[in-house]
Amino acid sequence: MPTDTHSEAPAAHKASLTSVARRIAPGREHDFIAWTDAGIALARTYSGFLGGGWVRSVDEPDEYFVIYRFGSDDELAAWQRSRVRKHWLERGEGMAVETATHRLSGIEGWFSPQADGSTGDGPVAAPVTVVPPRWKQAVAIWLGFFPLSLLINFLVLPHLDFLPGHGWGLVGRTLVATLINTPLMVFLVLPWVTARIKPWLER
């Protein structure tokens, strides 16, 4: 049975990434890739699917990691429990053996390699289960958070005093800053930063 290598607190609305390690039977690599691509295409039809793909292990040429990212644990579970997935797995019997399942969510998911489902360029020589140490994650977040916070404090918060009401205060100003900062960090700044310091993160 596959083992879950990451223990998660229950959370229904947290993006969830799963990496399934599979060892391919000799001579079945092309069949496996076609079968995997078909599975990702099926997963794409399910609610909450954010992306998927596969990467090849550097150390074990016959081992591949198949990656799925869903918008929440519940949406991932719906795909994992589905009859469609069950039938797809049955078609792959004898082709590969599932050896482990790795789960990442929350902040750690930002630092895992992002698969976009495009596998036409061949295997990527990097395992997907390596996550940088927490101190490197903290540095990466700070590199994005500090300049973004400066910009918001310089370009946005001073103008709140000119708006009607003048009742913003510390709580109101912090609310505005975080409402702007959080989505920019998650969707733009942090992906941009991590892409540029990727070699350092992976050392």
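Residues numbered from 1 in each chain as written. Predicted model: local features only at pLDDT ≥ 70, side-chain atom pairs only at ≥ 80, totals over all residues. Heavy atoms only, no water.

Draft legend 1. Here's a closer look at the overall build of the protein chain. Helices and strands together make up the secondary structure of the protein chain, namely six helices and four strands. N-terminal to C-terminal, the α/β element order of the protein chain is β-α-β-β-α-α-β-α-α-α. Every one of the 203 residues in the protein chain was classed for burial, and the buried ones make up 37%. Taking all contacts inside the protein chain whose residues are at least 6 apart in sequence as the whole, residues at least 24 apart take part in 77%. A total of about 11,900 Å² of accessible surface is found on the protein chain, and carbon and sulfur atoms cover 63% of it. (Helix = DSSP H or I, 4+ residues; strand = E, 2+ residues; numbered from the N terminus. Buried < 20%, exposed > 50% of the residue type's maximum accessible area, 1.4 Å probe, protein only. Contact = heavy atoms within 4.5 Å. Areas by Shrake-Rupley, 256 points an atom, 1.4 Å probe, with all protein chains shown as cover.)

Draft legend 2. Expanded view of the layout of surface pockets. When its volume is computed, the second largest pocket comes out at roughly 150 Å³. Those elements that provide at least two residues to the lining of the second largest pocket are α3 (83-91) and β4 (96-105). Of the residues in the lining of the second largest pocket, the class split is four nonpolar, one polar and four charged. (1 Å grid on protein atoms, 1.4 Å probe; cavity = no way out; pocket = protein on both sides within 12 Å on 5 of 7 lines; lining within 4 Å. Points joined across faces, edges and corners; volume = space filled by probe spheres on them. Nonpolar A, V, L, I, M, F, W, Y, C, P; charged D, E, K, R; others polar.)

Draft legend 3. Here's a closer look at the pairing of strand β2 (residues 49-56). The buried fraction of β2 amounts to six of the eight residues, a majority that puts the element mostly inside the structure. Pairing of β2 with strand β3 (residues 63-70) involves seven bridges; the strand directions are antiparallel. Each residue of the ladder has a partner; that of R56, found in β3, is Y64. Hairpin connection, β2 to β3: the antiparallel pair is bridged by six residues. (Pairing = 2+ DSSP bridges.)

Draft legend 4. Quick look at the nonpolar core. Counting residues in hydrophobic clusters, the biggest one holds 17 residues, and the most contacted among them are F32, A43, F49, Y64, Y68, F70 and W79. Secondary-structure elements contributing two or more residues to this core are α1 (29-43), β2, β3 and α2 (73-81). The dominant element in this core, judged by the number of residues it contributes, is α1, at five residues. Excluding residues within four positions of it along the chain, A43 makes contact with F49, Y68, F70 and W79. By size, the runner-up hydrophobic cluster in this structure holds 14 residues, among which are L148, I152, I197 and L201. (Core = buried A, V, L, I, M, F, W, Y, C linked by side-chain atoms within 4.5 Å.)

Draft legend 5. How the structure looks around the packing of helix α4 (residues 134-155) against helix α5 (residues 169-196). The contact between α4 and α5 brings their axes to 9 Å, and the two run at 135°. Viewed along their axes, α4 and α5 adopt a mutual orientation that is oblique. The two elements α4 and α5 meet at a crossing, and its hand is right-handed. Mapping the contact onto sequence places A140, I141, L143, G144, F145, L148, S149 and I152 in α4 and A177, I180, N181, L184, M185, V189, L190, V193 and T194 in α5. (Axes fitted to C-alpha atoms, helices over the stretch in contact; angles between N-to-C directions. Parallel < 35°, antiparallel > 145°, perpendicular 65-115°, else oblique. Left-handed = near helix turned anticlockwise from the far one by under 90°.)

Draft legend 6. Expanded view of a nonpolar patch on the surface. The grouping of W135, V139, W142, L143, F146 and L150 at the surface amounts to a nonpolar patch, some 610 Å² of accessible area in total. Considering the arrangement of structural elements, one finds V139 in helix α4. (Patch = residues over 30% accessible without salt bridge, like charges linked within 9 Å, V, L, I, M, F, W, Y side chains within 5 Å. Salt bridge = Lys/Arg side-chain N within 4 Å of Asp/Glu carboxyl O.)

Draft legend 7. Local environment of the environment of Y68. Checked against the element boundaries, Y68 lands in strand β3. Linking Y68 and G53, residues 15 residues apart in sequence, is a C-alpha distance of 7.0 Å. Excluding its chain neighbours within four sequence positions, the residues that come into contact with Y68 are S16, L17, T18, I40, A43, F49, G51, G52, W79 and W88.

Draft legend 8. Representation of the side chain of T36. Counting through the fold element by element, T36 comes out in helix α1. Residue T36 is classed as buried on the basis of its relative accessible area of 0%. Among residues more than four places away in sequence, those in contact with T36 are W54, V66 and W88.

Draft legend 9. How the structure looks around the pattern of salt bridges. Per the stated rule, a full pass over the model turns up six salt bridges. Taking the shortest distance from any N to any O, the salt bridge between R28 and D31 comes out at 2.9 Å. For R28, a relative accessible area of 28% gives the class partly exposed. For E29, the salt bridge is made with R56, and the minimal N-O distance between the two is 3.7 Å.

Draft legend 10. The arrangement of the pairing of β3 in detail. Of all the eight residues making up β3, eight are buried; the element is thus mostly covered by neighbouring parts of the structure. Side chains E63, F65, I67 and R69 of β3 all project onto a buried face; the interleaved residues Y64, V66, Y68 and F70 project onto the opposite face, where all are buried too.

No statement about biological role is implied by the geometric values presented.
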